[in-house]
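A structural walkthrough
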Amino acid sequence: MRAVRLLGWTLGSLVGATALLIAGFFLAAWAGSSIPRNAGWSETETGIPIMVESNGVHTGIVMPIATPVKDWRETIPFAAEPLPDGRRATHISVGWGDREVYRTVATWGDLKPGTALRIATRGGPAVMRVARYYRPSGGPNHRWIILREAEYARLVAAVEAGLPPIADPKNRVSLTSFDPQARIYDSTGHYTPFYSCNQWVADALAEAGIEIGLWSPLAGGVMKWIPQGAAQP
């Protein structure tokens, strides 16, 4: 009986410690995402519209395929391919994250316990996910921001830094994934719980000069800085 009580005490302690760690992470994420970078930034009335999107877990950056500042077809030829319905895409969506997750985890049910444990402890190699849209509409989880050309140029540079250099972009190899409508490319950096897909997005927006939280590992920490209700450009 003594051994059983000891085992029960040990398991209870582990569960309690785990709960405290999880609660501490969420509290730290809330606090870190509430500390502003680029405080006082204001959106321009005319310029280049981009969108910050979220599915509740991941965030991404949506940018026009071609502007005077950047033509993404030169860097990611996939952007020039017609959509399944034959239309030409007008925007690309860019996200960053764990290679295995972006390639195999379509729903929570696809997340293996071993994968979840690895992500929560040591992370893994990173990839960039690129999808395409035709005239995307705004909404609560798809929020427009208008950038000045210089701000957009800095955002472009931050996103491009996530792609390893290659002599000819046409030779950039995409990886297989569960989503046939997107492309997955090897990326720079290493995903960890402390440097997540959302932190990558926050850092790219910060490079552009947009006001955003200091440490935003969760989607909500990014989206709370992006105003809702902006009209579609």
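Residues numbered from 1 in each chain as written. Predicted model: local features only at pLDDT ≥ 70, side-chain atom pairs only at ≥ 80, totals over all residues. Heavy atoms only, no water.

Before going further, it helps to spend a moment on the side chain of Ser93. Mapping Ser93 onto the fold places it in strand β4 (residues 91-98). Residue Ser93 is classed as buried on the basis of its relative accessible area of 2%. Here the side chain of Ser93 touches Glu53 through a polar contact of 2.3 Å, side chain to side chain. What Ser93 contacts, discounting residues up to four positions off in sequence, is Glu53, Ile61, Val62, Arg129, Val130, Ala131 and Tyr133. (Helix = DSSP H or I, 4+ residues; strand = E, 2+ residues; numbered from the N terminus. Buried < 20%, exposed > 50% of the residue type's maximum accessible area, 1.4 Å probe, protein only. Polar contact = N/O pair within 3.5 Å; in protein donor to acceptor, adjacent residues only side chain to side chain. Contact = heavy atoms within 4.5 Å.)

What follows is about the layout of surface pockets. One number sums up the size of the largest pocket: a volume of about 1,300 Å³. Forming the walls of the largest pocket are 42 residues, and the residues nearest its centre are Val57, His58, Trp108, Tyr191 and Cys197. For the lining of the largest pocket, the secondary structure elements donating two or more residues are α1 (2-33), β2 (48-54), β3 (59-64), β4, α2 (99-104), α3 (113-121), β5 (124-133) and α5 (197-208). (1 Å grid on protein atoms, 1.4 Å probe; cavity = no way out; pocket = protein on both sides within 12 Å on 5 of 7 lines; lining within 4 Å. Points joined across faces, edges and corners; volume = space filled by probe spheres on them.)

As a further point, take the pattern of salt bridges. Applying the stated criterion across every chain yields a total of ten salt bridges. Between Glu160 and Lys70 there is a salt bridge, and its shortest N-O distance comes to 2.6 Å. With a gap of 90 residues between them, Glu160 in helix α4 (residues 149-160) and Lys70 in the loop between β3 and β4 connect regions that are remote in the sequence. Under the relative-accessibility criterion, Glu160 is labelled partly exposed at 29%. One salt bridge connects Arg129 with Asp179, and the closest N-O pair in it is separated by 2.8 Å. (Salt bridge = Lys/Arg side-chain N within 4 Å of Asp/Glu carboxyl O.)

A word on unusual backbone geometry. One non-glycine residue, Asn38, adopts positive backbone phi at about 60 degrees. Looking at the element boundaries, Asn38 is found in the loop between β1 (36-37) and β2. The exposure class assigned to Asn38 is partly exposed, which follows from its relative accessible area of 32%. The residue Arg135 is not glycine, and still its phi comes out positive at about 45 degrees. Within the secondary structure layout, Arg135 lies in the loop between β5 and β6 (142-147).

A few words on the packing of aromatic side chains. For the structure shown, the criterion picks out four aromatic pairs. Each ring, one from Trp96 and one from Tyr191, has its centre 6.3 Å from the other, and the planes form 35 degrees; the classification is tilted. Here Trp96 is found in strand β4, whereas its partner Tyr191 is found in strand β7 (residues 182-191), with 95 residues between them in sequence. You'll find Trp96 and Tyr191 in the same group, each marked buried. With a centroid separation of 6.4 Å and 5 degrees between ring planes, the pair formed by Trp96 and Trp200 is classed as stacked. A residue pair is termed long-range when its members are at least 10 positions apart, and Trp96 in strand β4 and Trp200 in helix α5 qualify at 104 residues. Trp96 sits in the buried class, given a relative accessible area of 1%. Counting every residue linked through ring pairs, the aromatic cluster contains Trp96, Tyr191, Tyr195 and Trp200. A cation over an aromatic ring shows up here: Lys70 above the ring of Trp72, its NZ or CZ 5.2 Å from the ring centre. (Phe/Tyr/Trp six-rings, centres within 6.5 Å; stacked < 30°, edge-to-face > 60°. Lys NZ or Arg CZ within 6 Å of the ring centre and 35° of its normal.)

Distances and angles like these do not, on their own, reveal function.
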